[in-house]
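# Observations on chain architecture
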There are 4 protein chains.
Amino acid sequence: MTRVHVWGASGYGASEAIVSLSAHPLVELGLLESASLGGEPVGLHFPRLRTLDRFFDFPGAILSAIGPDDVVIMGGAHGSAKEVAPKFLEAGARVIDLSEDFRLAPTRAVYGFPERYKAQIAGARFVANPGCYPTATLLAVLPLAPFDVTQIIVDAKSGITGAGRKPSVRALYAEVAGDIHAYGLEGHRHEAEIVQELSAAGIDAPLLFTPHVVPLARGMLADAYIVMRSVPDASAVRAAYARYYAGNPFVRLLDAGVSPSVAAVAYTNDAEIAVSVHGNVVRAICAIDNLGKGAATQAVMNMNIMMGFPEQSGLVARPLATLEVLRPGAPTARRSG
Amino acid sequence: MTRVHVWGASGYGASEAIVSLSAHPLVELGLLESASLGGEPVGLHFPRLRTLDRFFDFPGAILSAIGPDDVVIMGGAHGSAKEVAPKFLEAGARVIDLSEDFRLAPTRAVYGFPERYKAQIAGARFVANPGCYPTATLLAVLPLAPFDVTQIIVDAKSGITGAGRKPSVRALYAEVAGDIHAYGLEGHRHEAEIVQELSAAGIDAPLLFTPHVVPLARGMLADAYIVMRSVPDASAVRAAYARYYAGNPFVRLLDAGVSPSVAAVAYTNDAEIAVSVHGNVVRAICAIDNLGKGAATQAVMNMNIMMGFPEQSGLVARPLATLEVLRPGAPTARRSG
Amino acid sequence: MTRVHVWGASGYGASEAIVSLSAHPLVELGLLESASLGGEPVGLHFPRLRTLDRFFDFPGAILSAIGPDDVVIMGGAHGSAKEVAPKFLEAGARVIDLSEDFRLAPTRAVYGFPERYKAQIAGARFVANPGCYPTATLLAVLPLAPFDVTQIIVDAKSGITGAGRKPSVRALYAEVAGDIHAYGLEGHRHEAEIVQELSAAGIDAPLLFTPHVVPLARGMLADAYIVMRSVPDASAVRAAYARYYAGNPFVRLLDAGVSPSVAAVAYTNDAEIAVSVHGNVVRAICAIDNLGKGAATQAVMNMNIMMGFPEQSGLVARPLATLEVLRPGAPTARRSG
Amino acid sequence: MTRVHVWGASGYGASEAIVSLSAHPLVELGLLESASLGGEPVGLHFPRLRTLDRFFDFPGAILSAIGPDDVVIMGGAHGSAKEVAPKFLEAGARVIDLSEDFRLAPTRAVYGFPERYKAQIAGARFVANPGCYPTATLLAVLPLAPFDVTQIIVDAKSGITGAGRKPSVRALYAEVAGDIHAYGLEGHRHEAEIVQELSAAGIDAPLLFTPHVVPLARGMLADAYIVMRSVPDASAVRAAYARYYAGNPFVRLLDAGVSPSVAAVAYTNDAEIAVSVHGNVVRAICAIDNLGKGAATQAVMNMNIMMGFPEQSGLVARPLATLEVLRPGAPTARRSG
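Since the structure is predicted, the reported quantities are computational estimates derived from the model, not experimental observations. (Residues numbered from 1 in each chain as written. Chains lettered and ligands numbered in written order. Predicted model: local features only at pLDDT ≥ 70, side-chain atom pairs only at ≥ 80, totals over all residues.)

### Some remarks on the domain arrangement of chain A
Residue and element names in this part refer to chain A. One can read the domain layout of chain A as domain 1 (2-130 + 292-307) and domain 2 (132-288). For domain 1 versus domain 2, the separation of C-alpha centres amounts to 25 Å. Between domain 1 and domain 2, the residue contacts involve 20 residues of the former and 25 residues of the latter. Elements that contribute at least two residues to the side of domain 1 that touches domain 2 include exactly helix H5 (114-122) and helix H11 (292-307). Sort the elements by how many residues they give to the side of domain 1 that touches domain 2 and H11 lands first, with seven residues. (Domains from an automatic or database assignment. Contact = placed C-beta atoms within 7 Å. Helix = DSSP H or I, 4+ residues; strand = E, 2+ residues; numbered from the N terminus.)

### Things to note about the sheet that holds strand E8 (residues 181-182) of chain A
Within a sheet, adjacent strands bond to each other through the backbone by hydrogen bonds, running parallel or antiparallel. Residues and elements named next belong to chain A. If you walk across this open sheet you meet the seven strands as E8-E9-E7-E10-E13-E12-E11, and the pairing is mixed. Where the open sheet ends on each side, the last strands, each with one partner, are E8 and strand E11 (251-253). Where strand E10 (residues 220-228) meets strand E13 (residues 281-288), eight bridges bridge the pair, whose relative direction is antiparallel. When the sheet's bridge partners are listed, Leu-221 is paired in E13 with Ala-287. (Pairing = 2+ DSSP bridges.)

### Structural notes on the interface of chain B and chain A
Listed by partner, the interface residues are 37 residues for chain B and 37 residues for chain A. Counting only elements with at least two residues in the side of chain B that touches chain A, the list comes to strand E7 (149-158), strand E8 (181-182), strand E9 (207-213), strand E10 (220-228), helix H10 (262-265), strand E12 (271-278) and strand E13 (281-288) of chain B. Split by residue class, the side of chain B that touches chain A holds 20 nonpolar, eleven polar and six charged. (Nonpolar A, V, L, I, M, F, W, Y, C, P; charged D, E, K, R; others polar.)

### Focus: the relation of the copies chain B and chain A
By a simple turn and slide, chain B fits onto chain A: the slide is 0.0 Å along the axis, the RMSD is 0.0 Å, and the turn is 180°. As the rotation angle and translation indicate, the two copies are arranged about a two-fold axis. Within chain B, Pro-215 of chain B has its C-alpha nearest the rotation axis, a separation of 3.1 Å. Most of the interface of chain B is mirrored in chain A, where 100% of its interface residues are also at the interface. (Least-squares fit on C-alpha atoms with pLDDT ≥ 70 in both.)

### Re the pairing of strand E3 (residues 71-74) of chain C
Residues and elements named next belong to chain C. Burial of the side chains of E3 extends over both faces: Val-71 and Ile-73 are buried on one face and Val-72 and Met-74 on the other. In terms of strand pairing, strand E1 (residues 2-7) meets E3 through four bridges, oriented parallel. Bridge pairing in E3 places Trp-7 opposite Met-74. For E3 and strand E4 (residues 94-97), the ladder comprises four bridges, and the chain directions are parallel. (Buried ≥ 20, exposed ≤ 12 C-beta atoms within 10 Å, placed from the backbone.)

### As for the nonpolar core
By size, the foremost hydrophobic cluster in this structure holds 451 residues, and its most contacted members are Tyr-173 of chain A, Tyr-173 of chain B, Tyr-173 of chain C together with Tyr-173 of chain D. Ignoring sequence-local partners within four residues, the contact set of Tyr-173 of chain D consists of Ile-160, Ala-171, Leu-172, Tyr-173, Val-176, Ala-177 and Ala-217 of chain B. (Core = buried A, V, L, I, M, F, W, Y, C linked by C-beta atoms within 7 Å.)

### Some remarks on helix H4 (residues 81-90) of chain A
All names here are of chain A. Inspection of H4 places Ala-81, Val-84, Ala-85 and Phe-88 among the buried residues, and these make up the whole buried set. All buried residues of H4 project into a common sector of 105° when viewed along the axis, lining one side. For H4, the exposed residues lying more than 90 degrees away from the buried face are Glu-83 and Glu-90. Elements that come into contact with the buried residues of H4 comprise strand E1 (2-7), helix H3 (61-65), strand E3 (71-74) and strand E4 (94-97). Looking one or two residues past H4, Gly-92 carries a phi angle of roughly 105°, positive in sign. (Arc of directions from axis to C-beta.)

### Section: the pairing of E12 of chain B
Residue and element names in this part refer to chain B. With three bridges connecting them, strand E11 (residues 251-253) and E12 associate as parallel partners. Opposite Leu-253, over in E12, you have Ile-273 as the bridge partner. The pairing of E12 with E13 spans seven bridges and is classified as antiparallel. Bridging from a neighbouring strand, Ser-276 pairs with Arg-283 of E13. In this structure, the hairpin formed by E12 and E13 is closed by a connection of two residues, where Gly-279 is found at a positive phi of approximately 65°.

### A closer look at unusual backbone geometry
The linkage connecting Ala-105 of chain B with the following residue, Pro-106 of chain B, adopts the cis geometry, with an omega of -5°. Here Pro-106 of chain B lies in the loop between strand E4 (94-97) and strand E5 (110-111). Phi angles above zero are rare outside glycine, and Tyr-267 of chain C is one such case at about 70°. Structurally, the position occupied by Tyr-267 of chain C is in the loop between helix H10 (262-265) and strand E12 (271-278).

### Here's the deal with H11 of chain A
Residues and elements named next belong to chain A. In this model, H11 (16 residues) spans only 20 Å end to end at C-alpha, well below the 22 Å of a helix rising 1.5 Å per residue. Of all the bends in H11, the greatest, near 45°, is centred on Gln-298. Among the 16 residues in H11, 15 count as buried, and that is most of the element. Gly-308, located one to two residues past H11, shows a positive phi value of around 80°. (Expected span 1.5 Å × (residues − 1). Bend = angle between axes of the 7 residues up to and from the residue.)

In structure tokens, the structure reads:
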């Protein structure tokens, strides 16, 4: 059993990772470290983890407990991993960071987008997990690399957990319910990440990216409208997608006329894609769970690849019931029978 | 006081029209006719109209009661107005039809989009009220008629009331909550209406229109991405919008960086528009209430123009409290003091 | 025109009061003062007040501007009115405080529950506006004062705006959506207020009050189960409610079998009550809008009574459209034509 | 591997059972039969079962395919099981019926409430699965059988899936969102079921049961207020609950002050209970998932007991990813690796 610690464990992405890990047959939960919630029962803050009444450990706990085959999943806020991740690596752990701190070149981490970088991930000690917007956008656009793209327009809709669990007026229930609006009209921090990866794949057309907040706790839909220099062959376009995702158990290319649905992928590592051609515009719609494939389950998939586990380990079910209590001092948590 | 009857009064658009009319200082509610709910108390079916416990009249009631200066707002399902509207006109009423039955040429009705056809509406006896998707799309795109447009991409998001009040699995709470998805991937009936009006304004570029259902009871956001032949001058684009909506009290052109919000226009006849230029793509985002500016309040505005009332009559407030009971047989309803 | 200032203007109750006041035919909006948002455009923080782009004034603005016939509505957090309200009174203003600071005896304010204290409110310079839970509970229970009550059980459900607009994890969209739970299991601060008023009416039976958060932005339902010493006469119970609310335009006693609905009273000053007898238990269910009858519109009703305005002034409609801009320095705001 | 068929497979309870069964290590999915959706892909109607593109079988399919050790879970509407269940039993299957058809005496089925009837269920061929309201209510009240109860008041709140998947206006998104209301004010069909079981346990006090619809797709909270003849000893009350649920892995008795949360039990077979004493009233709050412990997972738990499987089999995880396609004609479905 590989021991997996979660650092920065109080966010939505981290809590989702804890849920996924607790259902994973090949790992055991290690320490859960949170600067803001140190000492508090997990279940008080995350009802879904009610039975995991293990106390969060105080800062530094993971670093002093790391064993040579341990994994650390880092769920802290953007900016927080910069200094800490190297220490975990030096202590011998494999590290997967959910923040944006190590995604952009130059970086010592491998970009954890397994549909493109599986080989590199397999050999990596340090993976930068992609953002949810980049994940959905790249899944929708990358298969078009062989075509002559002149403009990329992405209209993305995200559940509010993408804004994190730090309290803010804009994430309050009474602000989100009943509204939908675009944001970041003058630029969004995820654009650089998307452009870096499109460019690495040879797609250099300008990108217009417009994110929206919709009244969802979780889920993401990215509608990509890719303008081509000329009218592409519809069957060639479809074949490109089929080829790109062949052998990938988590990406479903839907039949013509079937719409990707956030409800169909909620709580999973799945992605659904619909692609169609309209004159010289290709429309590719991708649905993922922003906390699943866009964060936590993608991290677990990356861990599986890094560790040589089967890719789907721990990703075909999620825990529903009792998790055993682990008291501080005890080295690991196990699920109860 | 002008008497206004509502035919096909059991739908969401019609109920919204009743709300608007009951707050209108220059009209009185006439008969409310519904084939499906005839004889039932209004308040039993529409909690917001709880105090309007006037019974719905049985089919034919309005036709036999029409006076020469009456107005009929038709709220029936698409297809239902085809035969009935002419009868109301022959009986001497002015008619505003919320359905799509008389929107497409050849038609004897004036297209009730006041930002463009105010003069024609002023002289009309029969107005076809635009659809909600066309309203939001045209508001976003029409000011660009002077420019050289090569492709129009519209990504629209609508509250579920757009699907009507007839029960269907796809409109159930448990299906809509927690999901977002595109629909009509192979064509949507509103496209012809949009194309007709764009073309009438001289915009003949191809349109790719993608509607989505989002977890909202009401509200609509249309993100229009208009691809130009060359990079337009940003200030000229903005000036075109300012000019187009000058003197229009219901359309707000927002400052740079401010996002149109469905919450800002809910229950109103307002529209919010943000426009910006990104290379040779103009992005114009428009927020309306699909039941307000996209249906009922637009109908009231059209009525105001037809009747020579001030444009904003009845559109700056909505009723909150007690409406007087009207029993069948009594000719009109009045608001209680 | 009476000038009405709003102090502590950044909360949900205060913003609702601004909406109500802007539709009031006999008042004009004065200064809006907020410690946290001083200097910021209103519309940036409250989309519904988008067009009120008047800047919030800095602390002290209202106090220095108060005229002899002005009214101040205080919307600050609980505890904040203690020191400031007396200053407004000394400066000659009439004051209505939405906080709990002056509700409990001994207090110099009149308790602003108009169904019981209308005469006192009419002569008051200072009114403590009731809490939303007490309002709904008292409406449901007070008419039973003539009966022999032995136990009162209230199961109340509230929209999350009751928790205020200060950011907190528990009020985040992702926490509220998909959940319902009781809170304050070991005591809730509103109990003292309810008990004080029940006792004043001669009802001294023990109260068990259980509040719940439900996934609503606004609205409140209080189910009161009143245990009697013996089986009461059902028609006598119903007659007691009818008598208690006779002549009250905002309280609707529903027919047998009809359920009070939060949707029926949203955005209004209305209350709906259903009462029925089950052995020796009377069940009285009351629906109000926690921000309307439970806060802002109740404050406007109190103001109407204090000023000698008709009770329903400003409470039968709410503003939908453009409010004129008022720049700091200008003394009041007016609605645009 | 035991083969489990699902009859009446188009409802919410049945779809939830399919999800649970597909994660069960000791069973394989058999035929899915639906009168209304026969021949249609499962995934077209249930996005969560997108990958289960096995076609529904036409009426009669299960009956003709039943093997001697098969189990049939019946998910049809109330009334539909009356004639069909006996045929499945005669064909040799074990049957678990989710409808109310066989719950009330006289009945040939065992009432499938495992916290009370585990021994009888273990030997049964036919189990009537309890309703969601009775499940939550009985969990909250039954431990009080040793006390002297004089009145039971239950205020229950349910997600809208409890109303089924048959389209109706009252279950539309636009009706449920933004509202909360009681229903069945003059009597609810579940009362007889609750009274039967309370009485069987020796609790004969009158019951006042008030169900509410809240804006949730799934989840149920029952607040039970049990009036005693005299003030009970608080620790004796708590001890009674602890004793009643000792050894039951799915029922969590929460610490004082902690509130049962629908979010904590969503998608699970868990129940959370908080109990406290207030004078001579005991308040017991129970949270369950109306589709889980209130329907599908309770059926799986009953199946486990009937079959001699470990009670928690299939109930500690749920499927997240790809299910293998099964074509009509093939006898069973298996999950893909």
